[in-house]
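Single-letter residue listing:
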Amino acid sequence: MSVNGTQINCSIAPNPTDADIMLDAKSVLSALGMGLEQESSGAYTARRSDGKYFTVTPGSTAAVVNGSSVTLGAAAYLNDGYFLMIPSEVLRLSFGAQVGTDAASGLFSFGVNITCTPSSGSYLAIPSGMLSVSTSPYGVSYTLSGIDADSDVQVYYRLNGYSSLDEGAYYHKCAAPVYTDGKFSGGFSASTPNRYYDIKIAVTKGGTTKEYATQKAAKTPSFTSKSYDEFVSRGSGLSLTATYENISYYYASGASDCEVYYRKSGESDWHKALAPYKDEYVTGGQFRGSIVNLDDGCEYEVKAVGMTNGATVNEATAKVTTKADEPTVARTVNLSDIYSGGSLTISGYHGSENAWICIKNDGTAINTPVGVNEAVVINDCDYLILDGFNVTGGDKIGIKVMQNCDNIRISNCEISAWGRKGVLDRESGTYKLGGETPNDDAAVDIRHAGFVTVEDCYIHAPRGTSNRWNGATWRTVHPCGPVGIYYMMNESVVIRNNRIIGDGRLFNDAIEGGPNGMLGGGPNADSDICGNLLSGGADDGAELDGSQMNVRFYDNTVTDFLCGVSIAPNMAGPSYIFGNVIYDLHYDGITAGSAVKAGGDGGSGKFGYTYVIGNTFDNIGHGMRNVGYGNSAEYHAFTRNNICVSESFHALSNKETNSRDDFDYDLIFGKRNVSFGEGHGIFDKRPVYVSRADGDFRLADGSPGKGAAVYLDNFNEVYGADMGAR
């Protein structure tokens, strides 16, 4: 198809009927510089800058064109329940378009040529003082001043200077702003750092609408880079950071060794922690690590003792309180009091550590129509809980946490039907929407924020799906598609006790992060991903790639992905992988994945460290192995008490082990390639589970590995005497 002489790619091919030629509305309108919005009634509207528009309803020949009711010769309809197909007649009536065809033999072998004079209308410039913005590399927050509180306000954005891309072809509708403290406020996701964004504001009052627009109204900044020393430093002495049940510690000490102890405040006896990781890349050296399996809402003391040649050379003690599972809620807001349909912006809620604010679902579902990028935006909030939300929709994102938020908890929510839907292009192997490949549309998107928790949520059934690595007409094409949770460059995150399930669709990753090869990437530091069920994807169950400084992945169940968890690359460390069950990863006869894929340095020449303890990996494909990132596949790890079963490949492999590695006391059934260690491993004995068919991977009585776990400080108190996950 050509639009004004330019060839475009349509998601759905034109469909000639007896009444008219039916056209893929989104593809055609995007080429004409217009968006498509779904009304609450189910109708769809396209509007040009000169005010000309049409509204059609799927299944009906009745339409509204430039304010007049008309009857079309053919009814609009939805292809595959998502792609709006419109009769060419409506383009002629509303915008004066001329639609012709180049006939050829065969029912569908023809070209469609659309010619349409561009809009001569223009928007008013945004008045000085009306718009104020703050930005991060992937987000724009805004406030609007001087607009009456009873006005209906809508904000749109587009990527400046990139009209060939969907994001730059037309103005995209943001979640509706909210009026607080004398201003309207909100935010939207940006796809690219260091780019300008145009912003349009539509203000309706008393039946009259005024539209304002300014090009280059906001610019996303580039990433702020830090040296390795700057990034990992936590100052002098002993620094502590706590989540709900774990503590991260950082101890700047010039000693050659270190021992760490902990106890609840008020107790007399110290407990010894697992030996810390010594980072010799940082100037002056730093010991860091995690203390796990603690109680929530309790104060703990931590003592670090630096030693050289067995003698104490320095010592430090500090206190920290773990976060409470049930924080004190000082104010509860019913969702029905702030939501009346469409999208929702939550802005300006500020609690405190001992006085949280909870927005509670009181029976109101959030159902966002097509044409709005985010269903829910959390902007400029702290100490806020979203409890029990039921969210459907969002062209790209279900719930967006903006960069100006801290201490946010998304709890007990159900999120579905978010993201874009493409059509499989069998030549490229990916799904296409108007010639572009939808990717990383997230149920929950968290970038550059403070501390954020996503817990006890059911995330399932995105609109679209991901391609697999291999298909009937393609090989080795990286999956692109929706994700359950996307995180990057945050202070820290806790993702716990969620069910993230494809439900007949494929995720790219269930939990994805970026940038993979950058400090700050992925979950960054002091983060927990625990107790989750991750099922149904084309690539990784979870990505930890990036800093991995005291990042803990534990007690998760991962199945039906290519790989279980990725740590490629570990840029700093240490990360901890413990107590997980990763089983029945798929194998298509061409590409075999890994329970843990590891390796790479992101080009820094620095390789972090990972502790892999008490997991059960049982798959056709690989267990833990080198995959790499960039030009290296090197990784370094400490392993204990794992069950590694591979039916056809390497159950445990590290092709680049050296004196930093400590692999031992693991049960390995399958091929192995570890140059150093496993002097006490159990080999070639298949474990027997209580009930593999029922997903119960505890070891049965008499099984190899039963009662054979070696003791580890701070771990065996909870994980017991058996190898593998409990």
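Overview of the structure. Since the model is a prediction, treat every value here as computed from it, not as a measurement.

### Quick look at the packing of aromatic side chains
Item 1. In this structure the tally under the stated criterion is 23 aromatic pairs.
Item 2. For the pair Phe578 and Phe715, a centre-to-centre distance of 5.1 Å together with 85 degrees between the ring planes defines the contact as edge-to-face. Residue Phe578 is found in strand β55 (residues 575–578), and its partner Phe715 is found in the loop between β67 (696–699) and α5 (716–719); the two are separated by 137 residues along the sequence.
Item 3. Ring geometry for Tyr587 against Phe649: centres 5.4 Å apart, planes inclined by 75 degrees, an arrangement best described as edge-to-face.

### Considering the environment of Val376
Item 1. Here Val376 is to be found in strand β34 (residues 374–379).
Item 2. A sequence separation of 184 residues divides Val376 from Asp560, and the C-alpha atoms of the two residues are 29 Å apart.
Item 3. Setting aside residues no more than four positions away along its own chain, Val376 makes contact with Leu344, Ile346, Ile366, Leu386, Val391, Gly398, Ile399 and Lys400.

### What to know about the sheet that holds strand β29 (residues 311–321)
Item 1. One open sheet accounts for four strands, arranged β25-β24-β28-β29; its pairing is antiparallel. Of all the strands in the sheet, the pair left with one neighbour each is β25 (271–272) and β29.
Item 2. Here strand β24 (residues 257–264) runs beside strand β28 (residues 299–308); their pairing, made up of eight bridges, is antiparallel. Among the inter-strand pairings, Tyr262 is bridged to a residue of β28, identified as Val302.

### Thoughts on the environment of Ala169
Item 1. Summarising the element assignment, Ala169 is placed in helix α3 (residues 166–169).
Item 2. You can call Ala169 buried: its relative accessible area is 11%.
Item 3. Taking the C-alpha atoms as reference points, Ala169 and Phe389, separated by 220 residues in sequence, lie 33 Å from one another.
Item 4. Sequence-distant contacts of Ala169, defined by excluding residues within four places in its chain, comprise Ser30, Gly33, Tyr162 and Ser163.

Reading guide: rules and limits
Residues numbered from 1 in each chain as written. Predicted model: local features only at pLDDT ≥ 70, side-chain atom pairs only at ≥ 80, totals over all residues. Heavy atoms only, no water. Phe/Tyr/Trp six-rings, centres within 6.5 Å; stacked < 30°, edge-to-face > 60°. Helix = DSSP H or I, 4+ residues; strand = E, 2+ residues; numbered from the N terminus. Contact = heavy atoms within 4.5 Å. Pairing = 2+ DSSP bridges. Buried < 20%, exposed > 50% of the residue type's maximum accessible area, 1.4 Å probe, protein only.

Shape is all these values report; function is a separate question.
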